[in-house]
Amino acid sequence: FLPIGAAVYFWGVMQVGWVAVFYYVSGRWLLGISGRGMVFYLLLLLTSFPLLHNFKWGQVSVLVTLGIALAFVYHQQGRSVLGGVVLALVTGIKYYPGLFVVYFLIRRDWRLLIAFGAGLVGFYYLLPAALLGPSDWWYFERAAVDSLPGATLLLDDFNTQYFPHVINRLGFPLGYRLSESTVGILRFVGILVFLANSGIAWWLQQREVAHKVALSATVLLLSLPFIIQTSWPHYFVYLPFCQVALWLEISAAKTSIWTLRLLRMPLLFSVVITNAYFFALLPSWRLYNGMGLLWLGDVALLCALYGLVVVFRKSDRPEGNLYIDTP
């Protein structure tokens, strides 16, 4: 309804608004931080390369990630119906937010799941069919599915941060390219990573963890580049949230100072290489994206999270055997 120039400015204002809402929702409600913590989170978020990439290309990743965060928040607040509707809305925009129903299945939040199903019917079919007509809606969806890029088409794309694609590109300097069967194996490994991380999300529900909901969201968000074939750089706008969530949980862990330092090393590595200032140091965006540095930043956070799980497991064990002397 707007001229292109006005539409661009309008979209830019919407993007700024979504970032502001995501910052507050994820920082105050999910992470529970305030004061200096919020200032640090703001600096981390605004200098994140994926966020600037989202602005550069006018993408919807901030909106989609905001919807995912709101689903977790509304679930935590007992407003399950609203959480399900919001998750359905962003799943109608991009398919992958639907993966987060795994968490709500673990939590057995049936109200949220029913609202999600009903909302998906409304946003994905009823609303567009009412505007386009049922037959045109069906034609559009068929065309959209047929136009989805295949795994081989994206294999050499320098932008995608999908696990097998990054591994394939790392072999380019050696003149090596993954075979179709190897790509299939790596895709299967990626699915296993997602299943393992879903298991961690389930296991976290059995523990008294300071930031249980935020950490559960983190482990599922970090799974995305292992199962989403596109995984463009702007998808990773969730990284600052995950970095802060892990920092808070590591800082609260009851373990030795050396273990804490070890856990923080991959976390700090992730913060550095996913920052826009580090991106600006490299001579080319093709080098940055081609090396899969955002994927490596994601993997570094997973390493810190897995180390944190090991710390949790050790804290569950009794401190050795107790021998009581009797007279």
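Residues numbered from 1 in each chain as written. Predicted model: local features only at pLDDT ≥ 70, side-chain atom pairs only at ≥ 80, totals over all residues. Heavy atoms only, no water.

K.L.:
Explain the overall build of the chain here, please?
P.N.:
Across its full length, the chain carries 17 helices and 0 strands. Taken over the C-alpha trace, the chain has a radius of gyration of 21 Å; the compact-globule value for 327 residues is 20 Å, and the two agree within 12%. Structurally, the chain occupies a C-alpha span of about 90 × 55 × 45 Å along its principal axes. For the chain, restricting intrachain contacts to residue pairs at least 6 apart in sequence, the fraction spanning at least 24 positions comes to 70%. Looking at the chain as shown, the accessible area adds up to about 17,100 Å², and 69% of this sits on carbon and sulfur atoms. (Helix = DSSP H or I, 4+ residues; strand = E, 2+ residues; numbered from the N terminus. Rg over C-alpha atoms; globule rule 2.2 N^0.38 Å. Contact = heavy atoms within 4.5 Å. Areas by Shrake-Rupley, 256 points an atom, 1.4 Å probe, with all protein chains shown as cover.)

K.L.:
Can you help me understand the packing of aromatic side chains in this one?
P.N.:
Two aromatic rings are characterised by how far apart their centres lie and by the angle between their planes. In the structure shown here, the tally under the stated rule is 20 aromatic pairs. Pairing F226 with W295 gives two aromatic rings, centres 6.1 Å apart and planes at 55°, and the pair type is tilted. Linking F226 in the loop between helix 12 (212-221) and helix 13 (239-252) with W295 in helix 17 (residues 293-316), this pair joins segments that are 69 residues apart in sequence. For F226, a relative accessible area of 6% gives the class buried. One cation-aromatic arrangement involves K56 over W57; the distance from NZ or CZ to the ring centre is 5.6 Å. (Phe/Tyr/Trp six-rings, centres within 6.5 Å; stacked < 30°, edge-to-face > 60°. Buried < 20%, exposed > 50% of the residue type's maximum accessible area, 1.4 Å probe, protein only. Lys NZ or Arg CZ within 6 Å of the ring centre and 35° of its normal.)

K.L.:
Quick question: what am I supposed to make of helix 5 (residues 80-93) here?
P.N.:
Because each turn of an α-helix spans 3.6 residues, side chains separated by three or four positions in sequence point in the same direction. Between its terminal C-alpha atoms helix 5 stretches 20 Å, which fits the 20 Å expected from 14 residues at 1.5 Å a residue. The secondary structure elements touched by the buried residues of helix 5 are helix 4 (61-76), helix 6 (101-106) and helix 7 (110-132). (Expected span 1.5 Å × (residues − 1).)

K.L.:
Explain the packing of helix 1 (residues 4-30) against helix 3 (residues 49-56) to me, please; I cannot follow it from the model alone.
P.N.:
Two packed helices can be described by the angle between their axes and the distance between those axes. One can describe the packing of helix 1 onto helix 3 by two numbers: an axis separation of 10 Å at closest approach and a directional angle of 155°. One element, helix 1, and the other, helix 3, form an angle in the roughly antiparallel class. Crossing handedness for the pair helix 1 and helix 3: right-handed. Two secondary-structure elements touch here, helix 1 through Q15, V16 and V19 and helix 3 through L51, N54 and F55. (Axes fitted to C-alpha atoms, helices over the stretch in contact; angles between N-to-C directions. Parallel < 35°, antiparallel > 145°, perpendicular 65-115°, else oblique. Left-handed = near helix turned anticlockwise from the far one by under 90°.)

K.L.:
Can you walk me through the side chain of T230 in this structure?
P.N.:
Secondary-structure assignment places T230 in the loop between helix 12 and helix 13. Separated by 3.1 Å, the side chains of T230 and Y235 make a polar contact. (Polar contact = N/O pair within 3.5 Å; in protein donor to acceptor, adjacent residues only side chain to side chain.)

K.L.:
Sorry, what's going on with unusual backbone geometry here?
P.N.:
Glycine aside, a negative phi is what most residues show, and trans is what most peptide bonds show. The phi torsion at R108 lies on the positive side, around 55°, for a residue other than glycine. You can see R108 is positioned in the loop between helix 6 and helix 7. A relative accessible area of 63% places R108 in the exposed class. For S231, which is not glycine, the phi torsion reads 45° and is therefore positive. As for its position among the elements, S231 is in the loop between helix 12 and helix 13.

K.L.:
For this particular structure, what's the right way to read the nonpolar core?
P.N.:
Where a protein is soluble and globular, its nonpolar side chains tend to be buried together. Counting 89 residues, the largest nonpolar core has F72 and F241 as the members making the most contacts within it. Those residues in contact with F241, other than ones at most four positions away along the chain, are F22, S26, L30, L31, Y41, A214, A217, T218 and L221. (Core = buried A, V, L, I, M, F, W, Y, C linked by side-chain atoms within 4.5 Å.)

K.L.:
What's the story with helix 7 in this structure? I'm lost.
P.N.:
Taking 1.5 Å per residue as the helical rise, helix 7 with its 23 residues ought to reach 33 Å, and the 32 Å between its terminal C-alpha atoms agrees with that figure. Buried within helix 7 are the following residues: L112, L113, A115, F116, G119, G122, P128 and A129. Along its buried surface, helix 7 packs onto helix 4, helix 5, helix 6 and helix 8 (134-146). One or two steps after helix 7, the chain reaches G133, where phi turns positive at roughly 100°.

K.L.:
Just to check I follow, could you spell out the packing of helix 11 (residues 180-204) against helix 12 for this structure?
P.N.:
Contact geometry for helix 11 and helix 12: axes closest at 9 Å, N-to-C directions at 175°. Here helix 11 is positioned roughly antiparallel relative to helix 12, judged by the angle of their axes. Contacts between helix 11 and helix 12 involve F194, N197, S198, I200, A201 and L204 from the former and K212, L215, S216, V219 and L220 from the latter.

K.L.:
Would you take a moment to explain a nonpolar patch on the surface for this structure?
P.N.:
A cluster of nonpolar side chains, contributed by L89, I93, F123, L127, L131, L132 and F140, occupies part of the molecular surface with about 670 Å² of accessible area. Secondary structure elements with two or more residues in the nonpolar patch: helix 5 and helix 7. Per element, the largest residue contribution to the nonpolar patch is 4 residues, and it comes from helix 7. If you trace the backbone, L127 turns up in helix 7. Overall, the relative accessible area of 47% leaves L127 in the partly exposed class. (Patch = residues over 30% accessible without salt bridge, like charges linked within 9 Å, V, L, I, M, F, W, Y side chains within 5 Å. Salt bridge = Lys/Arg side-chain N within 4 Å of Asp/Glu carboxyl O.)

K.L.:
Please explain the environment of I185 as it appears in this structure.
P.N.:
In this structure, I185 sits in helix 11. Exposure remark for I185: the relative accessible area of 53% places this residue in the exposed category. Taking the C-alpha atoms as reference, I185 lies 8.9 Å from P164; in sequence the two are 21 residues apart.

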